[in-house]
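Now for the letters of each chain:
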Amino acid sequence: MSEQMNEHTEEHIEENQGESKAESKAAAIAAPVKVWKIIITLVMLLVFTFFTAGVFWALGSWSYLEMDELLWHLKSSMKDANPDMIKSFVLIVGGAAFLATATGAFFMFNNRKKPGKGRLVYRITTLAATAILLIGLVSAFLGFNVGPFLKGYMTVSTFVEDHYVDPGSVKLTFPEKKRNLVYIYIESMETTFMDEENGGAFPKNVIPELTTLAKENEDFSGDSGVRNGGISLPGTIWTMGAIFGTTSGLPLKTPLGQNGMSASDDFFPGVITMGDILKKEGYRNRLLMGSASDFGGCALYYQSHGDFEIHDLYYARKVGRIPKDYFEFWGYEDRKLFEYAREEALELAAGAEPFQLVLQTMDTHFEDGYVCPECTKEFKGNIYANVMKCESRQVTEFVRWLQQQDFYENTTIIITGDHPTMDKNFTKDVPESYQRKTYTCIINPADAADTANKGNEKRVFSTMDLFPTALAALGVTIEGDRLGLGTNLYSDQKTLTEQMELSQLEEELNARSVMLGDMYGGTYVSPGIGTYKDDK
């Protein structure tokens, strides 16, 4: 009897416990979702959507984007970026993040007190935020080539150490009468934009005037009959990387955990560049650009290497060339740039010192460029093509003007695209097998360089080869005909792109180099640095 009562009691207790658990579970489901939990989920949704939308915005805007470029811009100044680009980012990325967060807040707060439904909506929103983050991470990993970047960072290579020729360790002999240099960087200009007959990839030639200049002068195409240009290697595919590569013979790669600009008043102080060399030889160096030179560390580089006079957007405002509040596209447009370039070339030529005048254009920056009043509408429905055509004409007109000046006889002109365009739509029909190259043309080189190249075959070269080639075009004799990772194209020395497969070269440059790390960390000092610049 007692045993039966005990069993009955235990069964009753278990039933009560079961009912209690069920009631507790039902009560928990019926209870409103706590506000703090909703807020945490909304913050996650905001941040994760912002990140993922930013990834898709970047991938949709740029045709290719290196981790080196992303790291560089994260570590250097983004001040004075194109406001249209910033507006696009804010509207698209910020708008997507706001819309997703507002939608999540609406559903979660309107259903939080509804039994069962409130908790379900909360869970779905949390899962959605997590899924958005995963999509962003995977897209960034694949789109920004994070895998190869990390692989390269984990792989140590001595390639740079084995091939780098320090300008401070070789003899450079300048001619008795030093030549002037006008160096024109055309934003995003490629040989790709020529027609197929001239080696381009477009059915109709977008840059006929520049094509004619290349035919009349030197682009190292030999007797091939098609125009030639420079290959942009890793670390040189954006503006600052391109400028650094063409004037130092090195890729601009910022190792993780290191700041390439090791001090606020210097930029890779132990590296000798073209600006340093010309400054030491008595040249007056000047940079003329329509945008703000602070962007991307540009001004810091030119001032640290060659003590350049910087005549940028702010300079133009200061001296009254443009109104104080003037701003078009990235600053002021290229038709004004070439107008001012005429004035500055005449001023420099009137001086006693040889000069280097560097021009950086901007109208052809993606996306679609800047349509100035002089642009025609020859390419209907294609704004960027019309801008490219306009730039081709303006550059050529400036060159023709230079050729009519008294100082031209002793002046060499170098024209190069800084890097391939990042406008995806403009090059969407270019086959992946086509080797895109930056436009390259050298006009009126020194007699010694011009004679040395007669009869040479078509060269395969990178933009880093322009470093020693530019000096040779000024009549400089270079011991060994190599500087940095570049080769003098007027010589019979093979370039790195002629010695090895392009894929192998890119893999070596993507690998981690102790020497590059020392250079960009500020600990590398060229053996000739004291000769080329004052120690700081």
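It should be noted that the structure appears before, not after, this text.
In this text, all values refer to a predicted model and were calculated from it rather than measured experimentally.

1. Description of the overall build of the chain
Next, step 1: From N to C terminus, the chain includes 20 helices and 11 strands.
Next, step 2: For the chain, buried positions account for 54% of its 536 residues.
Next, step 3: Intrachain contacts of the chain at a sequence separation of at least 6 include 77% that bridge at least 24 residues.
Next, step 4: Surface exposure of the chain reaches about 24,100 Å², of which carbon and sulfur atoms provide 56%.

2. Overview of the nonpolar core
Next, step 1: Grouped together as the largest cluster of nonpolar side chains are 114 residues, with contacts concentrated most on L250, I415 and L471.
Next, step 2: Not counting chain neighbours up to four residues away, the residues in contact with L250 comprise V160, Y164, T236, F244, G245, V271, M464, L485, L516, M519 and Y520.
Next, step 3: Among the nonpolar cores identified, the runner-up in size contains 8 residues, and V55, A58, A140 and F144 belong to it.

3. Quick word on the environment of K324
Next, step 1: Looking at the element boundaries, K324 is found in the loop between α12 (313–318) and α13 (334–349).
Next, step 2: Classification of K324 by relative accessible area gives exposed; the value is 61%.
Next, step 3: Each C-alpha atom of the pair K324 and L313 lies 9.8 Å from the other, and the pair is 11 residues apart in sequence.
Next, step 4: Those residues in contact with K324, other than ones at most four positions away along the chain, are R317 and K318.
Next, step 5: A polar contact of 3.2 Å, which involves the side chain of K324, links it to the backbone oxygen of R317.

4. Details of the pattern of salt bridges
Next, step 1: Throughout the structure, instances matching the rule amount to 21 salt bridges.
Next, step 2: A salt bridge links E309 to R284, with the shortest nitrogen-to-oxygen separation between them at 2.7 Å. In this pair, E309 is assigned in strand β5 (residues 309–311) and R284 in strand β4 (residues 284–289), connecting sequence segments 25 residues apart.
Next, step 3: R284 sits in the partly exposed class, given a relative accessible area of 25%.
Next, step 4: Its salt-bridge partner being R284, residue E347 comes within 3.6 Å of it at the nearest N-O pair. Residue E347 is found in helix α13, and its partner R284 is found in strand β4; the two are separated by 63 residues along the sequence.
Next, step 5: On the accessibility criterion, E347 (38% relative accessible area) is partly exposed.
Next, step 6: One network of salt bridges, with partners in common, ties together R284, R286, E309, R321, E343, E344 and E347.

5. Structural notes on helix α5 (residues 117–143)
Next, step 1: With 27 residues, α5 extends 38 Å between its outermost C-alpha atoms, agreeing within 8% with the 39 Å of an ideal straight helix rising 1.5 Å per residue.
Next, step 2: All buried positions along α5 are accounted for by G118, V121, Y122, T125, T126, A129, G136, S139 and A140.
Next, step 3: Where α5 terminates, the next one or two residues include N145, which has phi positive at roughly 55°.

6. A closer look at the side chain of K336
Next, step 1: Relative to the assigned elements, K336 resides in helix α13.
Next, step 2: The exposure class of K336 is buried, given its relative accessible area of 15%.
Next, step 3: Residues contacting K336, with those up to four places away along its chain left out, are I322 and Y326.

7. Here's the deal with unusual backbone geometry
Next, step 1: Put simply, F366 and E367 share a cis peptide bond, and its omega is 5°.
Next, step 2: As for its position among the elements, E367 is in the loop between β6 (355–360) and α14 (383–403).
Next, step 3: For N444, which is not a glycine, the phi torsion comes out positive at approximately 60°.
Next, step 4: Counting through the fold element by element, N444 comes out in the loop between β8 (438–443) and α15 (447–452).
Next, step 5: Unlike most non-glycine residues, D481 shows phi in positive territory, near 60°.
Next, step 6: You can see D481 is positioned in the loop between β9 (477–478) and β10 (482–483).

Rules used in this analysis
The residue count restarts for each chain, going from 1 along the sequence in the order it is written. This being a predicted model, a pLDDT of at least 70 is required before a residue's local features are given, and a value of 80 or more before pairs of side-chain atoms are given or counted; all residues contribute to the totals for chains, interfaces and linings. Note: side-chain values were computed over all heavy atoms of the structure, leaving out hydrogens and water. Strands are runs of DSSP state E lasting at least 2 residues, helices are runs of H or I lasting at least 4, and numbering of each runs from the N terminus. We call a residue buried when its accessible area falls under 20% of the maximum for its residue type, exposed when it is over 50%, and partly exposed in between, using a 1.4 Å probe and counting protein chains only. It only takes one pair of heavy atoms within 4.5 Å for two residues to be counted as in contact. Shrake-Rupley sampling with a 1.4 Å probe provides the accessible areas, and residues are treated as covered by the protein chains on show and by no other component. Side-chain atoms within 4.5 Å link the members of a nonpolar core, which is a set of buried Ala, Val, Leu, Ile, Met, Phe, Trp, Tyr and Cys residues. Here a polar contact is recorded for every N or O atom pair within 3.5 Å, except that within protein the pair must consist of a potential hydrogen donor and a potential acceptor, and residues adjacent in sequence are included only if both atoms are side-chain atoms. Whenever a carboxyl oxygen of Asp or Glu lies within 4 Å of a side-chain nitrogen of Lys or Arg, that contact is scored as a salt bridge. The length a helix should cover is 1.5 Å for every residue beyond the first.

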